[in-house]
Each structure stands twice: as structure tokens, then as C-alpha cells.
Amino acid sequence: MTASLRDRLDHLSPGDRRLLIALSGLAILALLTGIVGGTGVALARAGWIDLIPETGFRLLTLHGVGIFFYWLYLVQGAILLALAAIEAGRGLAARGLAWGGFALMLGGMALSLGAISGGTPLLYNGNPELAEYELGRLGVFNAGYILLGLGLIVLPATGVATLLAAVRRAGEFSAVGFALFAWAGFLMVTGFALVYVFAPGLLWALGLGGMPANHSTNWHIVFHNMHYLPLMATVIVWYVLMQELIGVKSVFGARFSKLVFAAYLVFVPPTSLYHMFLEPDLPGAVRIAGSLLSLFVSVPTLTAFLIIVASLEVHARARGGRGLFGWIRALPWGEPVMAAAGFAVINMAFGIVLAFVLIQADLAPLLSDTFFVPGYFHFFTVGTVSLSFLAALALILPALTWRGLALPGLARFTPHLATLGLLAFGGAGVTAGYMGVPRRVIDAGYGGDAPALWPALMGWVAGGGLLMALALAAFSLSVAATLLPGRATVPPLPHWDAAITPRPGAAALVGPLAVLVIVIGMYAATATGFELMRALPIEAAGGAHGH
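Residues numbered from 1 in each chain as written. Predicted model: local features only at pLDDT ≥ 70, side-chain atom pairs only at ≥ 80, totals over all residues. Heavy atoms only, no water.

Caption draft 1: Structural detail: the overall build of the chain. Counting its secondary structure elements, the chain contains 17 helices and 0 strands. The buried share of the chain, reckoned over its 547 residues, is 57%. Accessible surface, the chain: about 20,900 Å² in total, of which carbon and sulfur atoms supply 68%. (Helix = DSSP H or I, 4+ residues; strand = E, 2+ residues; numbered from the N terminus. Buried < 20%, exposed > 50% of the residue type's maximum accessible area, 1.4 Å probe, protein only. Areas by Shrake-Rupley, 256 points an atom, 1.4 Å probe, with all protein chains shown as cover.)

Caption draft 2: Examining empty space enclosed by the protein more closely. Considering all chains together, one arrives at 7 cavities of 30 Å³ or more under this definition. The computed volume of the largest cavity comes to approximately 670 Å³. Looking at the largest cavity, it is lined by 30 residues, and the ones nearest its centre are L60, H63, G64, P374 and H378. Elements with a minimum of two residues in the lining of the largest cavity: α2 (14–45), α3 (53–88), α13 (372–401) and α16 (453–480). Of the residues that constitute the lining of the largest cavity, the class distribution is 19 nonpolar, 8 polar and 3 charged. (1 Å grid on protein atoms, 1.4 Å probe; cavity = no way out; pocket = protein on both sides within 12 Å on 5 of 7 lines; lining within 4 Å. Points joined across faces, edges and corners; volume = space filled by probe spheres on them. Nonpolar A, V, L, I, M, F, W, Y, C, P; charged D, E, K, R; others polar.)

Caption draft 3: Broad picture of the side chain of T61. Tracing the sequence through the fold places T61 in helix α3. Leave out the neighbours within four places in its chain, and T61 touches I116, P121, L122, L123, Y124 and F141. (Contact = heavy atoms within 4.5 Å.)

Caption draft 4: Representation of the layout of surface pockets within the structure. There is about 670 Å³ of room inside the second largest pocket. As for the second largest pocket, its lining consists of 25 residues, and the residues nearest its centre are F305, G342, V345, I346 and V510. Contributions of two or more residues to the lining of the second largest pocket are made by α7 (215–246), α10 (298–318), α11 (336–358) and α17 (510–535). Here the lining of the second largest pocket takes 8 residues from α11, the largest share from any one element. Per-class residue counts for the lining of the second largest pocket are 23 nonpolar, 2 polar and no charged.

Caption draft 5: Geometry of α13. With 30 residues, α13 extends 41 Å from end C-alpha to end C-alpha; this agrees with the ideal 44 Å at 1.5 Å per step. Along α13, the helix axis deviates most sharply at H378, where the bend reaches about 35°. Counting buried positions along α13 gives 30 out of 30 residues, so the element sits mostly inside the fold. Remark: W402 follows α13 within two positions and exhibits a positive phi of approximately 60°. (Expected span 1.5 Å × (residues − 1). Bend = angle between axes of the 7 residues up to and from the residue.)

Caption draft 6: Representation of the packing of α3 against helix α4 (residues 95–115) in the model. For the pair α3 and α4, interaxial distance at closest approach is 11 Å and the crossing angle is 170°. When the axes of α3 and α4 are compared, the pair comes out roughly antiparallel. When α3 is examined against α4, the residues L62, V65, Y70, Y73, L74 and L81 are found in contact with a partner set consisting of A98, M105, G108, M109, S112 and L113. Grouping the amino acids of the contact of α3 with α4 by side-chain chemistry returns 10 nonpolar, 2 polar and no charged. (Axes fitted to C-alpha atoms, helices over the stretch in contact; angles between N-to-C directions. Parallel < 35°, antiparallel > 145°, perpendicular 65-115°, else oblique.)

Caption draft 7: How the structure looks around the packing of aromatic side chains. For the coordinates displayed, the defined rule picks out 20 aromatic pairs. Seen in terms of ring centroids, F372 and Y376 are 6.2 Å apart; in terms of plane orientation they differ by 35°. Their pairing is tilted. One end of the pair, F372, and the other, Y376, are both in helix α13, 4 residues apart, so they sit about a helical turn from each other. For F372, a relative accessible area of 0% corresponds to the buried category. (Phe/Tyr/Trp six-rings, centres within 6.5 Å; stacked < 30°, edge-to-face > 60°.)

Caption draft 8: Inspection of the environment of A406 at higher detail. Residue placement: A406 occurs in the loop between α13 and α14 (408–411). Here A406 falls in the buried class, since its relative accessible area comes to 18%. Once the C-alpha coordinates of A406 and A480 are considered, the two residues, 74 residues apart in sequence, prove to be 8.3 Å apart.

Caption draft 9: Spatial organisation of unusual backbone geometry. Phi is positive for A94, close to 50°, though the residue is something other than glycine. One can find A94 in the loop between α3 and α4. A residue is classified by how much of its surface remains accessible, and A94, at 39% relative accessible area, is partly exposed.

Caption draft 10: Representation of the confidence of the model for the chain within the structure. Taken over all residues, the pLDDT of the chain has a mean of 83, while the share at 70 or more is 82%. Residue range residues 538–546 is modelled with pLDDT below 50. Its contacts to residues more than four positions away, or to other chains, number 17 contacts. (pLDDT = per-residue confidence, 0-100.)

Caption draft 11: Just the environment of L410, in detail. When you line up the elements, L410 lands in helix α14. Between the C-alpha atom of L410 and that of S478, which follows or precedes it by 68 residues, the distance is 8.8 Å.

Caption draft 12: Examining the pattern of salt bridges more closely. Applying the stated criterion across every chain yields a total of 4 salt bridges. A salt bridge links R95 to D16; the shortest N-O distance between them is 2.9 Å. Of this pair, R95 sits in helix α4 while D16 sits in helix α2, and the two are 79 residues apart along the sequence. Residue class for R95 comes out partly exposed when judged on its relative accessible area of 29%. Residues E134 and R137 are paired through a salt bridge, measuring 3.4 Å at the closest nitrogen-oxygen approach. (Salt bridge = Lys/Arg side-chain N within 4 Å of Asp/Glu carboxyl O.)

Caption draft 13: Molecular detail of helix α6 (residues 175–205). With 31 residues, α6 extends 46 Å between its outermost C-alpha atoms, agreeing within 8% with the 45 Å of an ideal straight helix rising 1.5 Å per residue. Of all the bends in α6, the greatest reaches close to 35° and is centred on F198; the proline P200 follows between one and four positions later. Phi turns positive, to about 75°, at G207, one or two residues after α6.

Caption draft 14: Highlighting the packing of α2 against α13. Where α2 meets α13, the closest approach of the two axes is 11 Å, and the angle between their N-to-C directions is 140°. In terms of their interaxial angle, α2 and α13 are classed as oblique. Relative to α13, the crossing made by α2 is left-handed. On the side of α2, the interface is formed by R17, L20, I21, S24, I28 and L31, while α13 contributes L390, L393, L397, A399, L400 and T401. The residue makeup of the contact of α2 with α13, split by class, is 9 nonpolar, 2 polar and 1 charged. (Left-handed = near helix turned anticlockwise from the far one by under 90°.)

Caption draft 15: Here's a closer look at the side chain of T384. Residue placement: T384 occurs in helix α13. Look at T384 and you get buried, because its relative accessible area is 1%. Polar side-chain contacts of T384 include one of 2.9 Å to the backbone oxygen of F379. For T384, the contacting residues outside a window of four places in its chain are L231, T234, W238, A344, N347, M348 and F379. (Polar contact = N/O pair within 3.5 Å; in protein donor to acceptor, adjacent residues only side chain to side chain.)

Caption draft 16: A look at the environment of G149. Within the secondary structure, G149 is located in helix α5 (residues 135–170). On the accessibility criterion, G149 (0% relative accessible area) is buried. For the pair G149 and L187, spaced 38 residues apart in sequence, the C-alpha separation works out to 9.1 Å. With residues near it in sequence (within four places) discarded, G149 still touches G191, L194 and V195.

Here's what the structure looks like:
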């Protein structure tokens, strides 16, 4: 297809437009809600604002529920359906199913947020042990997640039906179509997992069953899916954004791209073992297998990264790019979409390095209940996934509403500021984790009894977190402005001249070099972790709390 993504979105029916706009708007609302909760927790941990522990944990629950569950999965639904609709060329099939999924997810979000507005904060994993005397609230909370799960089963079914209709007409999947099909399948599996994990708690609350004894283990499984699925979606988004923004397709061909996307089906499911490293009775052989399998989860992501970077470099050099990094200047960095995607790639590199530390069987029990986890995790959730999804919405929504971003000149710098804040937040958070700072406390200074370094590190966490939150909120509001009447018309996107083809055998060095740097960083971070942990007066650490 030669028509641009914007042109194809422009031809969608009014019904398809309304659905995609509704999903996108609700997703941004969930993101902003989660940002408020997370900012409050970060400031409270540093002592910049005074919160009673119950309020702090309520904000922490709001943060996790709003962003990790509803923002990340509503926005995936919106992007998946938008790309599936234009892949088919004739809009969405079975659109009524998608509206049903949207209604389920909207109802789930209302129940989840309502349940955490009072009573004992349940945290985002809905721990039944915290609700033994508030079963009604647990029932409402779990019902919200179950509705979300049902929505994740129903809504992607529209994408599946749409993509199958496209295959019947074209005779085969395109590279993007195959990736979208796998993505939809993963979303549906995640929906089933959510229902499976939270149905026992609802039955207990209704008096139809006993207290869920295996909630922690089951949570590990669903958390694993919900942790890695957005990364697969992010890679697909990068693939599409580079085609649309710059006009570059993979120099390796569509067949190889399909193999890479299929690799997620092979490598992601078995790696859930590493989430169980905190279980004290987990056999040593299982720990070793979990570490080895977890190494493989990066294979498809790094391979897709190599495809995208190598394709960009080869085409940029064909257009006059010189030197090892000189070609990078030719990219359209003035576009907010390009800035967000570019910094998302940088943040992914930091996240992968730190993730390899946490999958070490010897380090995981020492670090998993410390602030190392949110320190590294935000490089993925905020710096990689959220920036990439906002970049996709910044491309999709203007085409649906015919309205541009608010203050695009400012929006182009928000990824820079978000990454700067993330480096402070994540760097201080990871260091705090190495120093033993626990992650699920509100007063990290323990009333002045904590080591002197702890409050100082939490100050950096709060400052970085505040900058990160403000930048992300500003970018979100700039994108959300496309939903309001009276916005300016959409400016055209820059494109490289498609007539210029790369010469055979053109070198692409930056991608492999970047992977080498990531591997070196992984070993350096792991070695540093072992040395720091050995220096601490710790005889035992960890517990069966999971994520």
C-alpha cells in the first residue's frame, strides 16, 4: 500500500473514528490519573509532602491501577484497532464487538477506581490478605479487573476478524498484519489470565468460595504477560512509525520481520519463572532455568531494534549521511513523534541493562523487594512504552479528528525532559535499591532512623519523578488536545525521497554497536550489584511478596 497511514485513517467510517477516539481518550484519562498518584507517592517518600501511610498507599494503588492496567491496555486496544482497520483497507469488521469490549473496560475502570477510593488500599495486585475484613471492597476491585479481562478478550476479537478479512483479500499477511495478529492473540490470552487470577477473590467476596490460597503464584503469571506484552506492542509501533514518518521499510524484507514477531510467541511465555525467585522453596534447578530463559526474552526485542536501526542507517547513508553517527542528524527530530520514539529506544537500552541484573537468581531475592524494581521498571513503562504509545497517538488522533497537537513546539521537547527526569528517578532508585531501600514504604526516612543516604536518594527520586511526571503529562495533554474542537489543522509529515534506494552491501554499524554496549552495560551493572550487595550487612533479604 502506497497511501500514508494518515491518508488511510482519513478514509475510515465515522463509526470507526468514534470508537478509536473513545478508546484513546479514556486511555489518556487513565494515564493522567496514574501520573497524579505516582507523583504524590514520590514526593511523600522524599518527605516533600506529608501523607499518612494509608493515603500514600492509596495513591500508590491509584498509580499502578491507572497506568499499569488501564492506560497500557486501553491504548494498546486503540492502536491495535487503528492499525488493523487500515491494514484491511475497509475499516473494522465486527465493530459492535469492539464497542462491547470498550464498555467492559470502561466499567472495569470505574469499579477499580471506586474500590480504591476508600477503605484499606489493596495495592494494584489486589492482595486478598489485605481485604479479609473488607470483602465487599475486594469483590468490587476484583470485578473491575475481571471486566477489564473480558474486555481484553472481546475487543481484540474485532482486530482478529478485521485482519483475517484482509488476508482473505490479499492472500497472505503483510509483516505488520502478522505482527498485529500475534499482538491481538496475546491481548486475548492476557484477558483470560486476568479473569483466572481475580475470579477466585470475587467468589470469596460473594461467599461462593474460600480465600484464594494461590493468589501470589497466579499473580506472577498474569504480571509476566502484562509486563512483556507492551514491549512487543512497542516494537510494532516503532516499525509502523518509521515507515510512516520517514518512509523506510525493513532492508531485511517482510519474511524476516514476520520471523522476529513470531519469536515473541516462543520466548515470552516460558520466562515467567523468574517472577518466582522470591519463593523460598523454589528448587535451584528451576532458578537457573528461569535465569537462562529470561535472557532469551530480549532476543526478539533486540533483533527488531537491529532491523529498525539498520534500515534507518542504510537509507540515511544513501541520502548523504556520513560518519559513524552523522546519519542520525538526518532524522526528523523536530517532529514530536520522532523525538518520542527516539528517546524511547534510548530508554529501552537502560531498561534492558537493568532487567538483566534482576533476573540473576542470586540477586533477585535481595533486590526484588527494594526500590531497584521501580527504579528500573520505569525505564520500560514510562521511558519506552508510554512514550512510544503517545507517539503513536500523536500520529493517529490528528488523522481521525483533523486537529493538530497543542503547542507542538513544546511537545517536541517533552520526551527530552521526561528522559532527563527518568535518568534521575531511575538512577537514584536503582542505587537506593542496592543500598537496601524498601519499595513499599511511604516514609523512606523512617522518621529519621534510616541511614543518611536513604533520604538523599529519595530526594533525587522525587525531583526526577516530578520532572518526568510533568513532561509526560504535558505530552499527554498536547495529544489529548486533538480531541477538542477548534484546534489547528494537521501539518504534513516530512518524508525521505522513496526513489533513492540504498546501494547493495551498505554498512550499518550503529545497531550492532548499540547491542554490544548494552551487553557490556549488563555485565557492569551485574558486577556492581554483586559488589554492593556483598558490602551491605545483610544476612537475609527478600520474601514471598512478588511484584
